[in-house]
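Per-entry structural report
Spelled out, the chains give:
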Amino acid sequence: MFDVYDTMTIALLPAVRHRRIIELLAEREYVTVAEARAATGASLATTHRDLAVLAAAGALVRVRGGAARSAAAHGEARLLAACLARVRRALDRHDLSAVENGLHQALDACNRLRRSA
């Protein structure tokens with residue numbers, strides 16, 4: 001029976017396909033073209049175009065046979081984790097000005113991560 005909600009039978013918007021590819025890379029450091037194609041239900045040519053667009057935006061790095069996480073995004077994620085650890089320590093000390101400062105830094109790191117994705 002035909003299922004209209006099956007991702008293989010309906011075309012996904014480019015933004016949805018891009019988000020799914022980025023989500024795959026969030027789970028692991030490397031994704032093959034076949035894995036990206038399976039996750040999006042797109043044709044091989046469309047998958048290659050999507051990977052090229054994401055690479056041009058800096059969201060990932062193209063490698064032979066697939067894509068890898070962007071080094072910049074990985075660095076931003078580490079910076080975000082460090083900011084949140086500082087916020088937790090400041091909360092333990094009841095240092096509200098340090099909490100506020102750390103939260104602003106964490107928010108900036110989140111915004112940079114969002115722009116790179």
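To be clear, the structure that these remarks concern was listed above.
Presented here is a report on the structure given in the accompanying data block.

Tallied over the full model, the rule gives four salt bridges. For the salt bridge of D50 with R17, the shortest nitrogen-to-oxygen distance reads 2.6 Å. One end of the pair, D50, is in helix 3 (residues 44-56); the other, R17, is in helix 1 (residues 14-27), with 33 residues separating them in the sequence. The class of D50 is buried, set by a relative accessible area of 5%. For R28, the salt bridge goes to E35, with nearest N and O atoms at 3.2 Å. Judged by relative accessible area, R28 falls into the partly exposed class, the value being 31%.

Calculation rules
Residues numbered from 1 in each chain as written. Predicted model: local features only at pLDDT ≥ 70, side-chain atom pairs only at ≥ 80, totals over all residues. Heavy atoms only, no water. Salt bridge = Lys/Arg side-chain N within 4 Å of Asp/Glu carboxyl O. Helix = DSSP H or I, 4+ residues; strand = E, 2+ residues; numbered from the N terminus. Buried < 20%, exposed > 50% of the residue type's maximum accessible area, 1.4 Å probe, protein only.

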